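Okay, here's what each chain looks like letter by letter:
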Amino acid sequence: MHPKDVLGRQGEQLAAEYLENEGFRILDRNYRCAGGEIDIVAADRRMLVACEVKTRSDLRFGTPVEAVTREKLRRLRRLAVHWVLTHGVFFDGLRVDIVGVLRSPSGDFTIEHVRGAG
């Protein structure tokens, strides 16, 4: 497996653990359909949350959160609606969050969570 893929998987696992520790309920991971993929589908009380996880090992190209475009956020919203319709589970609302994971040179990770990014 390519080191970038290993880092991405680590980041997604850390993001899922972080969200659970924050009280979110993980409903699905790596949900795929014809329109794309949602890294993590979670419930935050009665709110469905589609989470985009971005993991980086340096800031050369900006922070992980800065890497998520407006178009990506719009696509995630459409995918979240698809998830709801496919699973028949309804919520009071829907939002898109970003979880940025940054690995320092020492190997430590920091997490930045942006609620309601899109």
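Here, every reference points to the structure presented above.
None of these values were measured; they are calculated from a predicted model.

**Student:** Sorry if this is basic, but what is going on with the state of the cysteines here?
**Tutor:** In a disulfide, the sulfur atoms of two cysteines are covalently bonded to one another. Scanning the entire structure with this criterion turns up zero disulfides. No disulfide involves cysteine 33; its sulfur sits 16 Å from that of cysteine 51, the nearest cysteine.

**Student:** In this structure, what is going on with the sheet that holds strand β1 (residues 25–33)? I would like to understand it.
**Tutor:** What links the strands of a sheet is backbone hydrogen bonding, and the strands pair in either a parallel or an antiparallel sense. The strand order across the open sheet built from five strands is β1-β2-β3-β4-β5, with neighbouring strands paired in mixed fashion. Looking along the sheet, the strands with just one partner apiece sit at the ends: β1 and β5 (109–114). The mean angle between the axes of side-by-side strands here comes to 30 degrees, regardless of whether they run parallel or antiparallel. Where strand β4 (residues 93–103) lies against β5, six bridges are found, and the strand directions are antiparallel. Bridged to glycine 100 within β5 is glutamate 112. Contacts from helix α1 (residues 3–21) reach β1, β2 (36–44), β3 (47–56), β4 and β5, with the element oriented near 140 degrees to β3. Its contacts with the sheet put helix α2 (residues 70–87) on β1, β2, β3 and β4, and the angle it makes with β1 is roughly 105 degrees.

**Student:** Sorry if this is basic, but what is going on with the pattern of salt bridges here?
**Tutor:** Any two side chains of opposite charge can pair, given that their charged atoms come close. Per the counting criterion, the structure on display carries twelve salt bridges. Here arginine 95 makes a salt bridge to aspartate 44, at a shortest N to O gap of 3.0 Å. Taken as a pair, arginine 95 in strand β4 and aspartate 44 in strand β2 lie far apart in primary sequence, 51 residues in all. Aspartate 44 matches arginine 95 in its accessibility class, with the two residues each being buried. Glutamate 71 is paired through a salt bridge with arginine 74; the nearest N and O atoms lie 3.1 Å apart. Taken together, the residues glutamate 71 and arginine 74, both in helix α2 and three residues apart, mark about one turn of the helix. The class of glutamate 71 is partly exposed, set by a relative accessible area of 33%. Salt bridges linked by common partners bring Glu22, Asp44, Arg45, Arg95, Asp97 and Arg115 together as one network.

The rules behind the values
Residues numbered from 1 in each chain as written. Predicted model: local features only at pLDDT ≥ 70, side-chain atom pairs only at ≥ 80, totals over all residues. Heavy atoms only, no water. Disulfide = S-S within 2.5 Å. Pairing = 2+ DSSP bridges. Helix = DSSP H or I, 4+ residues; strand = E, 2+ residues; numbered from the N terminus. Axes fitted to C-alpha atoms, helices over the stretch in contact; angles between N-to-C directions. Contact = heavy atoms within 4.5 Å. Salt bridge = Lys/Arg side-chain N within 4 Å of Asp/Glu carboxyl O. Buried < 20%, exposed > 50% of the residue type's maximum accessible area, 1.4 Å probe, protein only.

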